[in-house]
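Here's the letter readout for the chains.
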Amino acid sequence: MNARTETRPAHQVARQAFQALGEQQSGLASVFAQAGNLVSLQAAGKVSLPDPVVKAMQQILGLRLNAGQNLTAGDMQQSVRLSGQFREANAAFPRGGMPGAQPDLKSVLLSFRSLLQQFGADAQVTRPAAQPKPPSRQDPPQGQTQPGSRGFLPGSTPQILQAMLKETDAALARVRMTQLVNTGLAGDERAQAASRPMDLVLELPLALGQETGILQLQVGRDGGGQSEDGENEAAWRLRFAMDLTATGPVEAAVSLRGGGTYVSLWVDRPATFDGLKALEETMMASFADAGLDLQEFRLVRGLPPRSAASYGTLVDRQS
């Protein structure tokens, strides 16, 4: 992105919006954790919430991929479609998309926000204390730290509804930030970067027992030309990261090129690394079972190096 591009009005507006949303977001993990916590407390009779609010939270939780089952390509495709990143694009189709299609995450959160306001919650601009690194198509993905299972202590029903509105607004800010990054208007790309940015960033919720993990996924495609020497053959790049209570931070990079598959897996916690090391042959065999020609598999102790740039450099403030 050159200086001329960054001075275009659309880029200026998007960059300003990205900065404002960055101060309001707290990632997606918290809203799922709070919804799960409150649904459990409601079932145990420890809180008393309006039935429509409980059903709405159950709908939010229903958007998670169930990692306890054997996930298929169709399951992943459905989760991507429901990530909220394509809400406006789908609305552009006749009749607002596919008839009878399940609402995506952004639509569900917007409806939940409206419902909470109907029950008296007051929308307020807030700045959460804990904020994950902003989404990026350039920097490596980073997992979102799991909030405590008892996020906020239940108070009166109005207090709970107000707290959930705050969580919902923070999650919506995160979804909108990711959408801006995916448009290429957020100032995420850096001219001095050694590699081209990824094409798409997604954040997908996974249900793992009582925990909701957020899988940050980056997808990129290179090549695809018609050169006879095959150098421009299409290649796919995939990077993802998670940070679960049971495993700690885990990151991966997968590339598909020339008919071969190349995998690198970084693990931060020693116990998790040792457990995966014991399963290394099984993991490698699973690629063959899936019909993939595994050319390289690297299991690395520790995480890949981070960019020196910090999020604060994106915020233009005057003190």
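Note: the structure precedes this text.
We now turn to the structure provided with this report.

Rules used throughout
Residues numbered from 1 in each chain as written. Predicted model: local features only at pLDDT ≥ 70, side-chain atom pairs only at ≥ 80, totals over all residues. Heavy atoms only, no water. Helix = DSSP H or I, 4+ residues; strand = E, 2+ residues; numbered from the N terminus. Buried < 20%, exposed > 50% of the residue type's maximum accessible area, 1.4 Å probe, protein only. Areas by Shrake-Rupley, 256 points an atom, 1.4 Å probe, with all protein chains shown as cover. Arc of directions from axis to C-beta. Contact = heavy atoms within 4.5 Å. Axes fitted to C-alpha atoms, helices over the stretch in contact; angles between N-to-C directions. Parallel < 35°, antiparallel > 145°, perpendicular 65-115°, else oblique. Left-handed = near helix turned anticlockwise from the far one by under 90°. Salt bridge = Lys/Arg side-chain N within 4 Å of Asp/Glu carboxyl O. Pairing = 2+ DSSP bridges.

### Focus: the overall build of the chain
Of the regular secondary structure elements, the chain holds ten helices and seven strands. The 319 residues of the chain split such that 42% are buried. Carbon together with sulfur atoms contributes 52% to the accessible area of the chain, which is approximately 17,100 Å² in total.

### Some points on helix H9 (residues 270-278)
Taken together, the buried positions of H9 are Thr272, Phe273 and Leu276. Summarising the axial view, the buried residues of H9 lie within an arc of 100 degrees, below the 170-degree limit, and thus occupy one face. Of the exposed residues in H9, the ones pointing more than 90 degrees away from its buried face are Ala271, Asp274 and Ala278. Contacts made by the buried residues of H9 are with strand S6 (260-267), helix H10 (280-289) and strand S7 (293-301).

### Concerning the packing of helix H4 (residues 51-61) against helix H7 (residues 105-118)
Their axes nearest at 10 Å, the elements H4 and H7 cross at an angle of 165 degrees. With respect to each other, H4 and H7 are oriented roughly antiparallel. When the axes of H4 and H7 are compared, the crossing they make is left-handed. Listed contacts from H7 to Pro52, Val53, Ala56, Met57, Gln59 and Ile60 of H4 are Val108, Leu109, Phe112, Leu115 and Leu116.

### Observations regarding the environment of Gln42
In this fold, Gln42 is placed in helix H3 (residues 29-43). The partly exposed category is assigned to Gln42, whose relative accessible area is 24%. Distance from Gln42 to Val54, taken between C-alpha atoms, is 8.0 Å for residues twelve residues apart in sequence. Those residues in contact with Gln42, other than ones at most four positions away along the chain, are Val47, Ser48, Leu49 and Val54.

### Things to note about the pattern of salt bridges
A complete count under the given rule lists nine salt bridges for this structure. Among the salt bridges present, the one from Glu203 reaches Arg174, with a minimum N-O distance of 2.6 Å. Of this pair, Glu203 sits in strand S2 (residues 200-208) while Arg174 sits in helix H8 (residues 157-183); the two residues are 29 residues apart in sequence, bridging distant segments of the chain.

### Description of the pairing of S6
The buried fraction of S6 amounts to seven of the eight residues, a majority that puts the element mostly inside the structure. Note that strand S5 (residues 248-257) and S6 share eight bridges and pair antiparallel. The residue bridging Val254 from the neighbouring strand is Val263, located in S6. Linkage of S5 to S6, two consecutive antiparallel strands, is achieved through a turn of two residues, within which Gly258 is found at a positive phi near 55 degrees. Bridge analysis of S6 against S7 gives eight bridges, and the strand direction is parallel.

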